[in-house]
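The residues making up each chain are set out below.
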Amino acid sequence: MLYVVVEELIPEMSEGEHSNWGTIAFSLGFVLMMILDVTLG
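Residues numbered from 1 in each chain as written. Predicted model: local features only at pLDDT ≥ 70, side-chain atom pairs only at ≥ 80, totals over all residues. Heavy atoms only, no water.

Caption draft 1: Focus on the overall build of the protein chain. For the protein chain, the helix and strand inventory stands at two helices and zero strands. In the protein chain, buried positions account for 7% of the 41 residues. Summed over its atoms, the accessible surface of the protein chain is roughly 3,500 Å², and 70% of this surface lies on carbon and sulfur atoms. (Helix = DSSP H or I, 4+ residues; strand = E, 2+ residues; numbered from the N terminus. Buried < 20%, exposed > 50% of the residue type's maximum accessible area, 1.4 Å probe, protein only. Areas by Shrake-Rupley, 256 points an atom, 1.4 Å probe, with all protein chains shown as cover.)

The structure is reproduced here in structure tokens:
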């Protein structure tokens, strides 16, 4: 679901020939922030 939202709401990430790298990086950053929030919060 997060993948679909990022692809639709941030169109700059889906431009170019490497369209999935921006979405994958966003997802990894989101997961990292959630892990840090759970462990440090």
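Caption draft 2: Examining a nonpolar patch on the surface more closely. On the surface, a nonpolar cluster with roughly 910 Å² of combined accessible area is contributed by L2, F26, F30, V31, L32, M33, M34, I35, L36 and L40. The greatest single-element share of the nonpolar patch, amounting to nine residues, is contributed by helix α2 (residues 19-40). Take M34: it is sitting in helix α2. (Patch = residues over 30% accessible without salt bridge, like charges linked within 9 Å, V, L, I, M, F, W, Y side chains within 5 Å. Salt bridge = Lys/Arg side-chain N within 4 Å of Asp/Glu carboxyl O.)

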